[in-house]
Amino acid sequence: MLPSSEHTIGPFFPQTFFREGDNDLRRITADAAPSTRGETITIHGVVLKADGVACVNMVLEAWQADAAGRFNHEADPEAHLADPDFLGWGRAWTDAEGRYAFTTLLPGGYVEGNQTRAPHINLSIMGAGLMRIARTTLFFPQGDNAADPIFALVPAPLQGRLVAQPDGPGRYRFDIILHGGAETPFFQD
Amino acid sequence: MAERFDPWPEGIQPHVPIAGYPNTFSHTPSAPLIHRPATRTERAAPARLSQKLLCGDDNLAVIAPGRIAQGQLIHISGRVLDEDGRGVPHAVVELWQANAGGRYRHPIDTRDAPLDPDFIGNGRVLTDAAGRYGFFTIRPGAYPVPVPQTWWRPPHVHFSVLGPASLSRLVTQMYFPGDPLNALDRILQSVPDPAARARLVAAMVPPVEVGLGWLAYRFDIGLRGRAATPELL
Ligand SMILES: [Fe+3]
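Reading the values: the criteria
- Residues numbered from 1 in each chain as written.
- Chains lettered and ligands numbered in written order.
- Predicted model: local features only at pLDDT ≥ 70, side-chain atom pairs only at ≥ 80, totals over all residues.
- Heavy atoms only, no water.
- Helix = DSSP H or I, 4+ residues; strand = E, 2+ residues; numbered from the N terminus.
- Buried < 20%, exposed > 50% of the residue type's maximum accessible area, 1.4 Å probe, protein only.
- pLDDT = per-residue confidence, 0-100.
- Donors = N, O, S within 2.8 Å, 3.2 Å for Na, K, Ca; no water.
- Tetrahedral: all angles 85-135°; square planar, octahedral: opposite > 155°, others 65-115°.

Undergrad: Give a description of unusual backbone geometry that names residues and reports values.
TA: With an omega of -5 degrees, the peptide bond between B:Val16 and B:Pro17 qualifies as cis. Mapped onto the elements of the fold, B:Pro17 is located in the segment before α1 (23–27). Positive phi is not limited to glycine here, since A:Asn57 has a value of about 60 degrees. Assignment of secondary structure puts A:Asn57 in the loop between β1 (40–48) and β2 (59–64). Judged by its relative accessible area of 10%, A:Asn57 is buried.

Shown next, in the form of structure tokens:
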């Protein structure tokens, strides 16, 4: 079957779908203890639309490798070594000021084919007015981003927009600008 | 597992921004999207996500024994399929919708239409080994979009599907066959290919499989990815 068309998630994605801990990538279930195999970090920021206006009720999903750079998925040849207590996925939504936050472990880098991936987190942004999922990737200032093949696809003047900024111990800030001025680079997969 | 992710075929993805729908101008990125290959991150997705997103809530119409939502009782079922037409097992399927009066039970839906105390309007299930899913619910009402050049959203049901790869993540909507508002809906009509639009419209089916109480619709959902699931025995 051909893929179904994407549509906007709309303004009314149920808040009752969100549960405590959904924005904590370290937990495989709502009740599970968070994985401790890595450095716990917070990723936070705002989602803005044109003219710097905050986006309310945007849905964000984060996806990343574990602290050793492995995915518990067949796409990873070392899936059997992945941290069994780490989910690597989380969902958050923005508040009235457009703010979101995730708690996770600092992802590891890894070798894929003959290339080295720098530590990164893939972010999907959904919301009213976004007919398609906006997909971007967050990198870290301490990573070897220059060697990362996806980072290298981004025009050099824009690469800095994909690097989260240190914001206190274990905290990184990553603002997402959907449209205008310092617009975040987005990918077509 | 997924071996291949082809680019989106022409005409399936909505054309944006959409005239008369101001939010698509303020939210849609203005720079061209950067094409990237499917790396391991995009090919992978969380394992056992149904432990995190609890599934099994498939009846929106009956909130408790004897408490039945107002409206036309319907059953929506179908399969989640990959691009080879094979069922996608263990996909998380989320559904949400307005009530029969066209109002969502959501704090930011402040429209002056009645709330139904017996209708919350969302559910989440896991597809079975053949990729099948099903929900008992009611036919939602139409509602107006509060923009200067207003239009009415046809009755529709929102779907969010989390499949075996990040690339198969899909958010879409289902429409009802024969509704005159379908042809006027700026969101549905933003999909250029008529065949792709038609795939977003459910088909009516004889209600034999769900009994006499429910008007039945069938709605199959296509996810990106070829050879994305094991062969069925
Ligand atoms: Fe809607």
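Undergrad: So what's going on with the confidence of the model for chain B? Which residues, and what values?
TA: The predicted model of chain B has a mean per-residue pLDDT of 94, with 95% of residues at 70 or higher. For this predicted complex, the interface confidence comes out at an ipTM of 0.97, alongside a pTM of 0.96.

Undergrad: Account for the coordination of the iron ion, naming residues and giving values.
TA: Residue and element names in this part refer to chain B. The protein atoms that coordinate the iron ion are Tyr-104 (OH), Tyr-143 (OH), His-156 (NE2) and His-158 (NE2), at distances spanning 1.9 to 2.2 Å. One can describe the donor arrangement at the iron ion as irregular, given that its four donor atoms subtend angles of 89 to 161 degrees at the metal. Sequence spacing among the residues donating to the iron ion works out to Y-x38-Y-x12-H-x1-H. Taken together, the residues span a long stretch of sequence, with Tyr-104 in the loop between β5 (92–97) and β6 (122–126) and Tyr-143 in strand β8 (residues 143–144) at a distance of 39 residues. Each member of the pair, Tyr-104 together with Tyr-143, is buried.

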